[in-house]
Amino acid sequence: MKPMPDKVPTPSDLLIDVQDLKVSFQTDEGLITPVDGVTFQVRKGKTLGIVGESGSGKSVSTRAMVKLLPKNAIVNPDSKILFYGNGNGTCVDINRLKANSPEIRRIRGGEIAMIFQEPMASFSPVYTIGNQIVEAIRQHRASGMSPLASTATVGSQIMESVQAQKKMKRNDARDLAVEMLDRVGIANPGMRVDQYPHELSGGMRQRAMIAVALSTHPKMLIADEPTTALDVTIQAQIIELIRDLQKELNMSVIFITHDMGLIARVADVVAVMYLGVIVERGRTDDLINDPKHPYTRGLLDAIPRLDRLDRRLTPVAGDIPSPLERPPGCPFHPRCPERRANLCDREMPGRTQMENNRFVRCFLYA
Amino acid sequence: MLRFLVHRIFGLLVTMFFVSIMVFIIMELPPGDYADRYAFRKFSGTGVNVTQGDIDNIRHGFGLDRPAHIRYAQWMTGILTRFDFGESFAYETSVNHVIGQRLWMTLAILYTTLILTYVLSIPIAIYAAVNRHSSVDYSLTVVSYLGLALPNFLLALVMLYVSVTVFDTSVGGLFSPEYEKAPWSLVKLGDMLQHLIIPAVVLAWSATALQLQTVRATMLDELNKLSVTAARARGIPEWKVLMKYPARLAVNPVVSTIGFDVNRIFSELPIVALVLGLPELGELLIQSYLDLDMYVAGAILMMLTFFIVIMNFVSDVALAALDPRIKLSGV
């Protein structure tokens, strides 16, 4: 795969622009901040990969993008989540929308869809697959639309509520659900649509989840570790499916994973997160072939490679600390093999810009 | 679903068959029988010398000298073919007549209590779970601990006192004196409901307290499920998400314990009924046992068990309708 050179994004090219996102949670043990000043952009039709260990804040950041955080979450009011979904250069700041307002609900599911790690748990066990697809379709799509209509025709005015339009008829929505199941490669979709989640295999469930997410023809798909719970062979099929649909629908994707090997295959741009901070960001090729940040290097050394079977795998030493015991200075310094005393443990390194719109947060390059 | 229903109905019939045998064994268990009791009542203090032969004659008159399995067969035949539960010795009339009104009374209390319990506990518990750590949530905890801790008869006495002194209503019994003999009318029905409300509240109190905790806990579990987040991620309005996904599943433990609730209501009813002076089955059951009036006791036991079994059946079927996963493993 040869990604396009990553130009500096321009507004016409941008789909989402997240600026200085900070998310905290009020817990019984105190205030924790799993996302501490994250900035990234996603361009139309492109894939951003977010990599990091559990607890690095990947999922929280993306859930904050659609206001899907629990009640005890506090998103810094100065953070900006600019969504250029309406195609005319203007944008909406999602962070300023009220939780559960019709506007955010229109974006959520309609413009930005999500799929999750556990396909079994993502479906409610007591409703059929079809019921849950039809629900999404009827929530977001007006009548008289084809399953994969072009972006322009699918209600693109963010502020215009779908409720004002005529809801799609239940039967039409059902037909569309069957078409979607067929499109994601589920055999015998007419039968599967009336089955319950427990009657489908794991891979089929994730395909069905993709069908739910894409049935509303979103402009962006957030895939939160969509293949972690699946067999490797199924994993490859699901990745292939997401890429095909992405091309067909000209959709942007945020792909969250902890698997560096996987990210190399799917992402145009990779952001490496550690303890709520993006420590390195750049084009996938650059980042894989020439990792700068010690943490990125550590992650890459931890994946097996067919061309270097003689080499022992080296895990990143130590564990990710609890968010309650966030280290001062650079959050990675306690595990970093190249830390500098009196510097890394005191100050947070700034962003060092490099060519190809790349940056790294590390004093090695400051 | 049809296969499931047939299967469960068959199970119900088998259960009832074994219940009937057990009930009959229980009827046989107390020492002596009504012939002894009758002879004692009729002749004690009269100076008449009663011989074993006299008692045997009385026993023959009541048909109690036949072997147990024959009496069981006759009793069951009567119930199954004519819905006839036999003769009450003590009341010298048919058991059906003795039980009649008390059965309706008991059922009225049972269903009023069940409805009251579920109508109160389910919505309040769901609200409390959604608004966790709110004032409603905390007061619910206090109220439900009170409900679990207070004995029923005490509550019955307090309510009796309050309703007489504060509201000046006649409690006790099923009807106000003026409607006791009146023909059925809407006014009489209203009067009955007014009398039902106190026993229903007393009996529903502890059941509600328990169900509040159950529903709230299940709802809290369900709220954290990924499927709920996934539904929100589809942009579904919040109230619809709550009703369609977690709330529906939070009702499951309530539905599956309907049978237990019926059972508990039946066990608590006699004491509450005694305090409130209600003519219901439990009180009659105890009295008929003391009198060795076995067919009455047996009929009541059969009735009460029958309703518990029926409500268990209803709960099974309702649960299968609510949760599609049950049909697969349930047969």
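From a predicted model like this one, the values you see are computed outputs, not experimental measurements.

**Student:** Any details on the pairing of strand β9 (residues 252-257) of chain A? Residues and values, ideally.
**Tutor:** Residue and element names in this part refer to chain A. The buried fraction of β9 amounts to 6 of the 6 residues, a majority that puts the element mostly inside the structure. The alternating pattern of β9 places Ser252, Ile254 and Ile256 and Val253, Phe255 and Thr257 on opposite faces, both of which are buried. Bridge analysis of strand β3 (residues 47-51) against β9 gives 5 bridges, and the strand direction is parallel. Bridged to threonine 47 within β9 is valine 253. In this structure, strand β8 (residues 220-224) lies alongside β9, joined through 5 bridges in parallel fashion. Within β9, the residue paired with aspartate 224 across the bridge is isoleucine 256. The handedness of the β8 to β9 crossover, carried by helix α8 (residues 232-249), is right-handed.

**Student:** Before we move on, could you go through the nonpolar core and cite the residues and values that matter?
**Tutor:** Counting 100 residues, the largest nonpolar core has Ile16 and Ile254 of chain A as its most contacted members. In terms of residues, this core owes the most to one element, helix α7 (residues 202-214) of chain A, which gives 8 residues. Leaving out residues up to four positions away in the same chain, isoleucine 254 of chain A has contacts with Phe40, Val42, Leu48, Ile50, Thr62, Met65, Met220, Leu221, Ile222 and Ala223 of chain A. Within the second largest apolar cluster, 83 residues are counted, among which are Phe89, Leu212, Met303 and Val309 of chain B.

**Student:** Kindly report on unusual backbone geometry, identifying the contributing residues and their values.
**Tutor:** Residue and element names in this part refer to chain A. Non-glycine residue histidine 217 carries a positive phi angle of around 55 degrees. On the secondary structure map, histidine 217 appears in the loop between α7 and β8. Note on histidine 217: relative accessible area 6%, which makes it buried. The phi dihedral of asparagine 250 falls on the positive side, at around 50 degrees, and the residue is not glycine. Of note, asparagine 250 is situated in the loop between α8 and β9. Among the residues examined, asparagine 250 registers a relative accessible area of 51% and is labelled exposed.

**Student:** Can you lay out the interface of chain B and chain A for me, pointing to particular residues and giving the numbers?
**Tutor:** In this complex, chain B contributes 22 residues to the contact, which on the side of chain A involves 28 residues. At the boundary of chain B with chain A, total buried surface from both sides reaches about 2,200 Å², with 60% on carbon and sulfur atoms. Here chain B and chain A share 2 salt bridges between them. In this structure, the salt-bridge partner of glutamate 135 of chain A is lysine 244 of chain B, at a minimum N-O distance of 3.1 Å. Counting residues per element, the ones that place at least two in the side of chain B that touches chain A are α9 (226-233), α10 (238-250) and α15 (324-330) of chain B. Among the residues forming the side of chain B that touches chain A, the class breakdown is 11 nonpolar, 3 polar and 8 charged.

**Student:** Before we move on, can you summarise the sheet that holds strand β12 (residues 352-354) of chain A with the specific residues and values?
**Tutor:** All names here are of chain A. An order of β7-β8-β9-β3-β10-β11-β13-β12 is seen for the 8 strands of this open sheet, with the pairing classed as mixed. Strand pairing shows two members of the sheet lacking a second neighbour, β7 (112-115) and β12, which therefore form its edges. Averaged over all pairs of adjacent strands, the angle between strand axes in this sheet comes to 20 degrees, irrespective of strand direction. Against the sheet, α7 touches β7 and β8, its axis set at about 170 degrees to β7.

**Student:** I'd love a proper account of the packing of aromatic side chains, names of residues and values included.
**Tutor:** Residues and elements named next belong to chain B. Applying the stated criterion to the full structure yields 11 aromatic pairs over all chains. Where tryptophan 75 meets tyrosine 295, the ring centres are 6.1 Å apart and the plane angle is 40 degrees; that geometry is what we call tilted. With tryptophan 75 in helix α4 (residues 68-82) and tyrosine 295 in helix α14 (residues 294-322), this residue pair connects regions lying 220 residues apart in the sequence. Note on tryptophan 75: relative accessible area 4%, which makes it buried. Considering the side-chain rings of phenylalanine 306 and phenylalanine 307, the 5.7 Å spacing of their centres and the 70 degrees angle between planes classify their relative orientation as edge-to-face. According to the relative accessible area criterion, phenylalanine 306 is partly exposed, its value standing at 33%.

**Student:** Would you mind going over the pattern of salt bridges in detail, with residue names and values included?
**Tutor:** Applying the stated criterion across every chain yields a total of 23 salt bridges over all chains. The shortest N-O distance in the salt bridge between arginine 234 of chain B and glutamate 135 of chain A comes to 3.0 Å. Of this pair, arginine 234 of chain B sits in the loop between α9 and α10 while glutamate 135 of chain A sits in helix α4 (residues 129-140), which puts the two residues in different chains. When the shortest N-O distance is used, the salt bridge between arginine 264 of chain B and aspartate 261 of chain B registers 2.9 Å. One end of the pair is arginine 264 of chain B and the other is aspartate 261 of chain B, both in helix α12 (residues 258-276) and 3 residues apart, which spans about a single turn.

**Student:** Can you tell me about the packing of helix α5 (residues 95-130) of chain B against helix α6 (residues 135-149) of chain B, naming the residues and giving the values?
**Tutor:** Residue and element names in this part refer to chain B. Look at α5 against α6: their axes get within 8 Å of each other, and the N-to-C directions meet at 130 degrees. Looking at the two axes, α5 sits oblique to α6. The interaxial crossing formed by α5 with α6 has left-handed handedness. Here Ile124, Ala125, Tyr127 and Ala128 of α5 come into contact with α6, specifically with Val136, Asp137 and Leu140. Each residue belonging to the contact of α5 with α6 can be placed in one class, and the counts come to 6 nonpolar, no polar and 1 charged.

**Student:** Got a sec to walk through the layout of surface pockets? Specific residues and values, please.
**Tutor:** As a volume, the largest pocket reaches approximately 1,200 Å³. In terms of lining residues, the largest pocket is bounded by 30 residues, among which Leu69, Pro70, Lys71 and Asn72 of chain A together with Arg232 of chain B are the most central. Only α1 (58-65) and β4 (73-75) of chain A together with α5, α8 (186-223), α9 and α10 of chain B provide two or more residues apiece to the lining of the largest pocket. Counting residues per element, the lining of the largest pocket draws most heavily on α1 of chain A, which supplies 4 residues. Residues belonging to the lining of the largest pocket are distributed by class as follows: 15 nonpolar, 7 polar and 8 charged. In this structure, the second largest pocket encloses a volume near 390 Å³. Considering the residues around the second largest pocket, the lining is formed by 16 residues, among which Met16, Ile79, Leu80, Met302 and Phe306 of chain B are closest to the centre. For the lining of the second largest pocket, the secondary structure elements donating two or more residues are α1 (2-28), α4, α5 and α14 of chain B. When grouped by side-chain class, the residues that make up the lining of the second largest pocket number 15 nonpolar, 1 polar and no charged.

**Student:** Describe the environment of leucine 189 of chain B, with residues and values.
**Tutor:** Residue and element names in this part refer to chain B. The residue leucine 189 is located in helix α8 in this model. We classify leucine 189 as partly exposed; its relative accessible area is 35%. Each C-alpha atom of the pair leucine 189 and isoleucine 70 lies 43 Å from the other, and the pair is 119 residues apart in sequence.

**Student:** Help me get a handle on α9 of chain B, residues and values and all.
**Tutor:** With 7 of 8 residues buried, α9 of chain B is to be regarded as a mostly interior element. Those residues of α9 of chain B that sit buried are Leu226, Ser227, Val228, Thr229, Ala230, Ala231 and Ala233 of chain B. Buried residues along α9 of chain B sit in contact with α1, β7, α3 (119-122) and α7 of chain A together with α8 and α10 of chain B. Among the residues trailing α9 of chain B, glycine 235 of chain B stands out with phi positive, at a value near 80 degrees.

**Student:** Could you give an account of a nonpolar patch on the surface, with specific residues and numbers?
**Tutor:** Taken together, the side chains of Phe153, Leu154, Leu157, Val158, Tyr161, Val162, Val166, Phe167 and Ile271 of chain B define a hydrophobic patch exposed on the protein surface, amounting to about 870 Å² of accessible area. Top contributing element to the nonpolar patch by residue count: helix α7 (residues 152-165) of chain B, with 6 residues.

Reading the values: rules and limits
Residues numbered from 1 in each chain as written. Chains lettered and ligands numbered in written order. Predicted model: local features only at pLDDT ≥ 70, side-chain atom pairs only at ≥ 80, totals over all residues. Heavy atoms only, no water. Buried < 20%, exposed > 50% of the residue type's maximum accessible area, 1.4 Å probe, protein only. Helix = DSSP H or I, 4+ residues; strand = E, 2+ residues; numbered from the N terminus. Pairing = 2+ DSSP bridges. Right-handed = clockwise from strand over helix to strand, strands pointing away. Core = buried A, V, L, I, M, F, W, Y, C linked by side-chain atoms within 4.5 Å. Contact = heavy atoms within 4.5 Å. Buried area = accessible area lost by both parts, 1.4 Å probe. Salt bridge = Lys/Arg side-chain N within 4 Å of Asp/Glu carboxyl O. Nonpolar A, V, L, I, M, F, W, Y, C, P; charged D, E, K, R; others polar. Axes fitted to C-alpha atoms, helices over the stretch in contact; angles between N-to-C directions. Phe/Tyr/Trp six-rings, centres within 6.5 Å; stacked < 30°, edge-to-face > 60°. Parallel < 35°, antiparallel > 145°, perpendicular 65-115°, else oblique. Left-handed = near helix turned anticlockwise from the far one by under 90°. 1 Å grid on protein atoms, 1.4 Å probe; cavity = no way out; pocket = protein on both sides within 12 Å on 5 of 7 lines; lining within 4 Å. Points joined across faces, edges and corners; volume = space filled by probe spheres on them. Patch = residues over 30% accessible without salt bridge, like charges linked within 9 Å, V, L, I, M, F, W, Y side chains within 5 Å. Areas by Shrake-Rupley, 256 points an atom, 1.4 Å probe, with all protein chains shown as cover.

Spatial relationships are all this shows, so hold off on functional conclusions.
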